[in-house]
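Chains, contacts and geometry: an overview
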Amino acid sequence: MLTVSGLTVEYPDGGRGVAGVSFSITDGESVALVGGNGAGKTTLLLALAGVLAVKAGTAAVNGLSYSHKDRAEYRRLIGLVFQNPDDMLFMPRVLDDIMFGPRNLGMTERDARCRADEVMDELGISHLAYRSPMKLSGGEKRMAGLAAVLAMRPSVLLLDEPTAFLDPRARRALIRALARLPQSKLIATHDLAFAGGLCGRALLLSDGRLRADGSCAELFGDGSLMDECGLEAVPHTNGEVSL
Amino acid sequence: MRSLKTPSIETPSIETLSMGDSPLHRVHPGVKMVCALALIVLTLSFSRTSFAAMLPFLLYPSVAIGINDIPASLLVKRLLVALPFAVFAGITNLVSDREVLFRLGAVPVTGGMSACAGIMLRTLLCVSYALILMAVTPFPEITARMRAIHIPAIFVQVLETTYRYTGTLADEARALATAYRLRAGSDDAGVRLAHAGSLVGGLFLRSADRADRVWAAMRLRGYDLRGVRAEPKPISLRDWIFLAAVCGSGALMRIVDIPALFAAGIARFS
């Protein structure tokens, strides 16, 4: 479970990233984080992951707050999938990238390899194990990045624009994979059809503030609210993703 | 034109090679590191004028290239990066030492020329040992092994992050160069001096931003100063034989001036 209370992040130049954001996500729940460009979605995800310093407020995963002392355990519980998978794939082979986290957790080579094999099986990317990340397609890179995070067995997944750069086929494959994952998910996206299909609930962020928290159907259909937040209303998807 | 999708100029090629399965790849990584270090020390122990005596050490890169399918062109490209530094270090000798040592036909060979050639050969040999080590051993395995033998963690971390930053910098440079060429009017057009400053500045800012994100991704997956320490791996008899062969032959070639013996032999028979 992810609990966020009054979270405020300021940039070093004094600019506001997010201000007083509060919400919670229950176990296994998928929540979309939507908002126009510059609304603070990525900033919020980076702060939740402990990458950006928080000025005020708290975030806790399963009751564990981010602190200097507990940061290693906190980071194990929360997994962030970056918008650009190239930022996450830095090892010579996909297998090494997936084993990178488990190795750092102190797992033996054998256990780390087992963990990597399990994750690759789950996502159906075992055939990519010995490929260089630089030579993968956009969709394959996305899946490899997701696998690298899942290998840490996080309780909460934060995904930043997961459908960016994906063609329809890769997008469908990603949706299927995400729908099967048991973790709680907070998904920052502009892709409202994707959000409406995968998530029952959405958080609407505007100018660093949480403007609304409700069901996707309710929020995405509210033309004036969406317009105010720099988004466009979409018809209700009835919880179905067009695959 | 080099495509945006082309892998980084050098690093990934070496990385790809390091994942191969040749006889040298199968040698214990620690043994390979000791061999590379021993060869570097032996090569550096030659005096600056011992150009000819160092020549037999070319055997190691030649054999490694031959039996491990390492493309010579890849090593040559990398060596060319080190060459200007070697030339710069050696060129002052041409001026400072003009004493003629011997004549090659009509050409007088001075002490400075010999020293310059010696410095260049020494540099190229040492860089080639390091490159071959990287081409036959995955980099993470090298750093894990360094941690296992208690090399200070901060040193290993600096090495790891520098290595990753080099790849990031090369990627960003390639993307920037492609974008520039696409609007420069001609594929062959170089960077105009007026644009060079902003391009280089932009490159460093972009690569620093990207490096920040890569660093964040590493930390989020548990990377810290301790890093990954290699698990103990038994050294086989084959590894010991390899170690003895490389270090033993290196020591022999250091002690015995083989080219001089060879020349003496020719002189005796002629």
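To start, this report covers the structure provided alongside it. (Residues numbered from 1 in each chain as written. Chains lettered and ligands numbered in written order. Predicted model: local features only at pLDDT ≥ 70, side-chain atom pairs only at ≥ 80, totals over all residues. Heavy atoms only, no water.)

1. Digging into the overall build of chain B
On a plain count of helices and strands, chain B comes out with 11 helices and two strands. Tracing chain B from N to C terminus, the helices and strands come up as α-α-α-α-α-β-β-α-α-α-α-α-α. Judged by the C-alpha coordinates and their principal axes, chain B covers about 65 × 55 × 30 Å. Buried positions account for 39% of the 270 residues belonging to chain B. For chain B, long-range pairs separated by at least 24 residues make up 77% of all intrachain contacts whose partners lie at least 6 apart in sequence. Accessible surface computed for chain B: about 14800 Å², of which carbon and sulfur atoms make up 70%. Considering chain B, the positive charge centre built from 28 side chains and the negative charge centre built from 18 side chains are found 1 Å apart. (Helix = DSSP H or I, 4+ residues; strand = E, 2+ residues; numbered from the N terminus. Buried < 20%, exposed > 50% of the residue type's maximum accessible area, 1.4 Å probe, protein only. Contact = heavy atoms within 4.5 Å. Areas by Shrake-Rupley, 256 points an atom, 1.4 Å probe, with all protein chains shown as cover. Lys, Arg positive; Asp, Glu negative; His and termini not counted. Charge placed at Lys NZ, Arg CZ, Asp CG, Glu CD.)

2. Side note on empty space enclosed by the protein
A water-sized probe rolled over the atoms picks out the places where empty space is left. Taken as a whole and judged by the stated rule, the model has two cavities of 30 Å³ or more. Each pocket or cavity is described by its volume, and for the largest cavity that value is around 60 Å³. Residue lining of the largest cavity: 13 residues in total, with Gly79, Leu80 and Val149 of chain A together with Leu220 and Arg221 of chain B positioned closest to the centre. When residues of the lining of the largest cavity are assigned to their parent elements, the largest contribution, three residues, is made by strand β6 (residues 78-81) of chain A. Here the residues of the lining of the largest cavity are counted per class, giving nine nonpolar, one polar and three charged. (1 Å grid on protein atoms, 1.4 Å probe; cavity = no way out; pocket = protein on both sides within 12 Å on 5 of 7 lines; lining within 4 Å. Points joined across faces, edges and corners; volume = space filled by probe spheres on them. Nonpolar A, V, L, I, M, F, W, Y, C, P; charged D, E, K, R; others polar.)

3. A word on the packing of aromatic side chains
Tallied over the full model, the rule gives six aromatic pairs over all chains. Between the aromatic rings of Phe139 of chain B and Tyr163 of chain B, the centroid separation amounts to 3.8 Å while the plane-to-plane angle is 15°, which identifies the pairing as stacked. Here Tyr163 of chain B lies in helix α8 (residues 153-184) and Phe139 of chain B lies in helix α7 (residues 139-148), a separation of 24 residues in the sequence. We note that Phe139 of chain B, like Tyr163 of chain B, is buried. One aromatic cluster in this structure is built from Phe90 and Phe100 of chain A together with Trp215 and Tyr223 of chain B. Over the ring of Phe46 of chain B we find Arg254 of chain B, and its NZ or CZ is 4.3 Å from the ring centre. (Phe/Tyr/Trp six-rings, centres within 6.5 Å; stacked < 30°, edge-to-face > 60°. Lys NZ or Arg CZ within 6 Å of the ring centre and 35° of its normal.)

4. Looking at a nonpolar patch on the surface
On the surface, a nonpolar cluster with roughly 710 Å² of combined accessible area is contributed by Ile91, Leu94, Val95, Leu101, Phe102, Leu104, Val107 and Met113 of chain B. Those elements giving two or more residues to the nonpolar patch turn out to be α5 (72-96) and β1 (100-104) of chain B. (Patch = residues over 30% accessible without salt bridge, like charges linked within 9 Å, V, L, I, M, F, W, Y side chains within 5 Å. Salt bridge = Lys/Arg side-chain N within 4 Å of Asp/Glu carboxyl O.)

Note that all results are geometric; they support no functional claim without further evidence.
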